[in-house]
Each structure stands twice: as structure tokens, then as C-alpha cells.
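What the coordinates show
Chain by chain, the residues:
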Amino acid sequence: MPRTAYFISDGTGITAETLGRSLLAQFEDVELNLVVKPYIDTLEKAHTLAAIIAQTAERDGARPIVIDTIVDQAIRTIIADAPGFKIDIFSTFLAPLEEELATHSTYTVGRTHAIGRDDIYMHRIDAVHFALDNDDGARTHQYDQADVILVGVSRCGKTPTSLYLALQFGIQAANYPLTEDDLDEDGTLSMPKALAPYRHKLFALTIDPRRLAAIRSERRPNSRYCSMDQCMQELQQAEALFRRYHIPYIDTTRFSIEEISTRMIAETNLTRRFSPR
């Protein structure tokens, strides 16, 4: 029987869900139904959720996993009384930290994902705008302001990676698609003129041709664009270009956007403007 896991918070629930998913991902053989419950910030909401947890336990025939980052003690007590296997992230880690730092926690709701410093928040927004303005080779005259320029064939993951770098790290990422317009007369893929002055900023993405064909089929089914021959040809030409100009690259086939981004940062020593949220 599947087990149910609740990620509960009196804030956004992002921290509880992130940490909870990381823990539960280690149990591949367990079928889990994951439920996020943010903003449990009143006693009434807490009692309602405790009743839902009890109903879930009866339905599943097993205690739900309850992972929470609730700050309010009264709400925590109500949730703790529900029939779940409880992992209280804050109480688990804050008490030892309070002892080590010889001070009490402020126990403030939403500190992790609040706007906080205005300059950091505005830099995040500016980086996202930069990624959108410089997406898919739409503009090239701002490349001098880019921290990194992602290159690769169409639909290999450049846009989502650029946006993730902007939102999570404040990195100004542009991206440029390699297309048939960049082919020489002999059919060789050449370095695009717009990229040539910024070779030191280039980082490339590639992907398995079968995966690329599947992704492109969702966009333009039954077209030359998504055919296996076309995908293989484009990827072979692109990877030859990367090797010729010593452009570092990652195969994105089996990596998440988070993994692609952190691996890229590690390989290029890009400076994070701030820590991920």
C-alpha cells in the first residue's frame, strides 16, 4: 500500500518540501503520495489538518509521514498529536544550534523565503529579466553584460537553465541556439559571429538524440525538426564545434535543471550573487 507524506509549514512550505523530498528520495521502493500544506498558521487550520492526517492514517492503514517547519508552538503541538510519524525539522536542528551559539532562535515565520534585503531581491528580478530578454538569441548586443552564455541546439534545456540560474543565484545568463544558419557552405557548423568575442563566457549543453527527438515531437510532431536523423546531425555538428573551440559542455539527458546549473557553476567558477532560496 502507498504511504502518504505531508510537508507542512506555517509559511510557504518550500523548505519542508525541499528537505522532505530529499529525504524520501532515498526510498525508491516505497510508493509515496506527497501532499504539501503551506500556511497552516492558525489553530483552526491546524485542527482541520490534524483531522485530515487522522483520516489518512485510517484510510492507508499506516501512519502518514509528517515533515514540518512550523514555528508556532501551539500549532506544532496540535500537529504533533495527530497520528503521524513526525519529523520536526526546526526542533531537530534549532535546539542544538541554540546550544552551540549560546543564544535563542528568533523563531520567525517565513525568514527563509521572505524578500529580505531589497538589493538582493531586485538583483534577482533583474537577472530574470536579463534571461528573458536574451533568450534564444533574441538579442546579442547585451552579451558583454552576461555572466555566461549557454549554447546548444534547440530544445536541449538552455532556457529553463538560464532562468534557474537567474532566479536561484542571480546569474545573468543569456542563451543562443545553434541552427542551420550557422552552417558554412561545406555543412560545417562554425562559431557564430555574435558569440566569437565572448568565447570565454560560453558553456554548452547537449542531449541524447532520442530524448531530443521526443521533446521536439511534443512541439512539432511528424516534422523534419523532430526526426531522429535531424536530431543526430545537429548534435554531432554541435559537439564537434564544442570540441573544436574547447567549449565546456554537459549532457543534460539524465540531469535535472538543478544538477545542470550546479555542475556548470562548479566547472566554470561562476560567482553566485546570492545563495539559492
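Under an unreviewed UniProt entry, the name given to the protein is Putative phosphoenolpyruvate synthase regulatory protein, and the source organism is Chromohalobacter beijerinckii. Quoted verbatim from the Sequence similarities (unreviewed entry) field of UniProt, the annotation for the protein is "Belongs to the pyruvate, phosphate/water dikinase regulatory protein family. PSRP subfamily." Quoted verbatim from the Function (unreviewed entry) field of the UniProt record, the comment on the protein reads "Bifunctional serine/threonine kinase and phosphorylase involved in the regulation of the phosphoenolpyruvate synthase (PEPS) by catalyzing its phosphorylation/dephosphorylation."

**With respect to the pairing of strand β2 (residues 32-37)**
Two strands pair when backbone bridges link them, and strand β1 (residues 3-8) and β2 are joined in this way by six bridges, in the parallel orientation. Across the sheet, the residue bridging to R3 is L32, located in β2. For the crossover from β1 across helix α1 (residues 14-24) to β2, the handedness is right-handed.

**Some thoughts on the nonpolar core**
Within the largest apolar cluster, 40 residues are counted, with the highest numbers of intra-cluster contacts made by V148, I149, V151, L165 and L195. Those elements that place two or more of their residues in this core are β5 (148-152), α6 (158-169), β6 (173-177), β7 (202-206), α7 (209-219), α8 (228-244) and α9 (257-268). In terms of residue count, α8 provides more of this core than any other element does, five residues in total.

**Some thoughts on the packing of aromatic side chains**
Scanning all chains against the criterion turns up three aromatic pairs. On the basis of an interplanar angle of 75° and a centroid distance of 6.0 Å, the ring pair of Y164 and F169 is categorised as edge-to-face. Taken together, a centroid distance of 5.3 Å and an interplanar angle of 45° make the contact between F242 and Y249 tilted. Among the residues examined, Y249 registers a relative accessible area of 31% and is labelled partly exposed. Between R216 and the ring centre of Y225, over which it is positioned, the NZ or CZ distance is 4.3 Å. Across the ring face of Y225, the terminal group of R220 is positioned such that the distance to the ring centre comes to 4.3 Å.

**Comments concerning unusual backbone geometry**
Not every positive phi belongs to a glycine, and Y39 is a case in point at roughly 55°. Assignment of secondary structure puts Y39 in the loop between β2 and α2 (43-60). On the basis of relative accessible area, Y39 is assigned to the partly exposed category, the value being 43%. We note that H246 has phi near 55°; this positive angle belongs to a residue other than glycine. Mapped onto the elements of the fold, H246 is located in the loop between α8 and β8 (249-251).

**Overview of the sheet that holds strand β3 (residues 65-68)**
Read across the sheet, four strands follow the order β2-β1-β3-β4 without closing on themselves; strand pairing throughout is parallel. What marks the edges here is a single partner per strand, and that holds for β2 and β4 (85-88). Averaged over neighbouring strand pairs, the angle between their axes works out to 15° when direction is ignored. Direction of pairing for β3 relative to β4: parallel, over a ladder of four bridges. For I65, the partnering residue across the bridge sits in β4 and is F85. Its contacts with the sheet put α2 on β1, β2 and β3, and the angle it makes with β1 is roughly 165°. Docked against the sheet, helix α4 (residues 89-101) engages β3 and β4, running at close to 40° with respect to β4.

**Some remarks on the packing of α7 against α8**
At a minimum axis distance of 9 Å, the contact between α7 and α8 shows a crossing angle of 125°. In this view, α7 runs oblique relative to α8, as classed from their interaxial angle. The handedness of the crossing between α7 and α8 comes out as right-handed. Contact residues: α7 offers P209, R210, L212, A213 and R216, while α8 offers M228, Q230, C231, M232, E234 and L235.

**Comments concerning the side chain of Q230**
Along the chain, Q230 falls in helix α8. According to the relative accessible area criterion, Q230 is buried, its value standing at 7%.

**Comments concerning helix α3 (residues 73-81)**
Here α3 has its buried residues at I75, R76, I78 and I79. Projected down its long axis, α3 carries its buried residues within an arc of 160°, all on one side. Exposed positions of α3 whose direction lies more than 90 degrees from the buried face are Q73 and D81. Considering only its buried residues, α3 is in contact with β1, α2, β3, β4 and α4.

**Focus: a nonpolar patch on the surface**
A cluster of nonpolar side chains, F93, L97 and L101, forms an exposed patch at the surface whose accessible area comes to about 330 Å². Inspection of the secondary structure puts L97 in helix α4.

Conventions and cut-offs
Residues numbered from 1 in each chain as written. Predicted model: local features only at pLDDT ≥ 70, side-chain atom pairs only at ≥ 80, totals over all residues. Heavy atoms only, no water. UniProt positions renumbered as here; feature names shortened; annotations may be inferred. Pairing = 2+ DSSP bridges. Helix = DSSP H or I, 4+ residues; strand = E, 2+ residues; numbered from the N terminus. Right-handed = clockwise from strand over helix to strand, strands pointing away. Core = buried A, V, L, I, M, F, W, Y, C linked by side-chain atoms within 4.5 Å. Buried < 20%, exposed > 50% of the residue type's maximum accessible area, 1.4 Å probe, protein only. Phe/Tyr/Trp six-rings, centres within 6.5 Å; stacked < 30°, edge-to-face > 60°. Lys NZ or Arg CZ within 6 Å of the ring centre and 35° of its normal. Axes fitted to C-alpha atoms, helices over the stretch in contact; angles between N-to-C directions. Contact = heavy atoms within 4.5 Å. Parallel < 35°, antiparallel > 145°, perpendicular 65-115°, else oblique. Left-handed = near helix turned anticlockwise from the far one by under 90°. Arc of directions from axis to C-beta. Patch = residues over 30% accessible without salt bridge, like charges linked within 9 Å, V, L, I, M, F, W, Y side chains within 5 Å. Areas by Shrake-Rupley, 256 points an atom, 1.4 Å probe, with all protein chains shown as cover. Salt bridge = Lys/Arg side-chain N within 4 Å of Asp/Glu carboxyl O.

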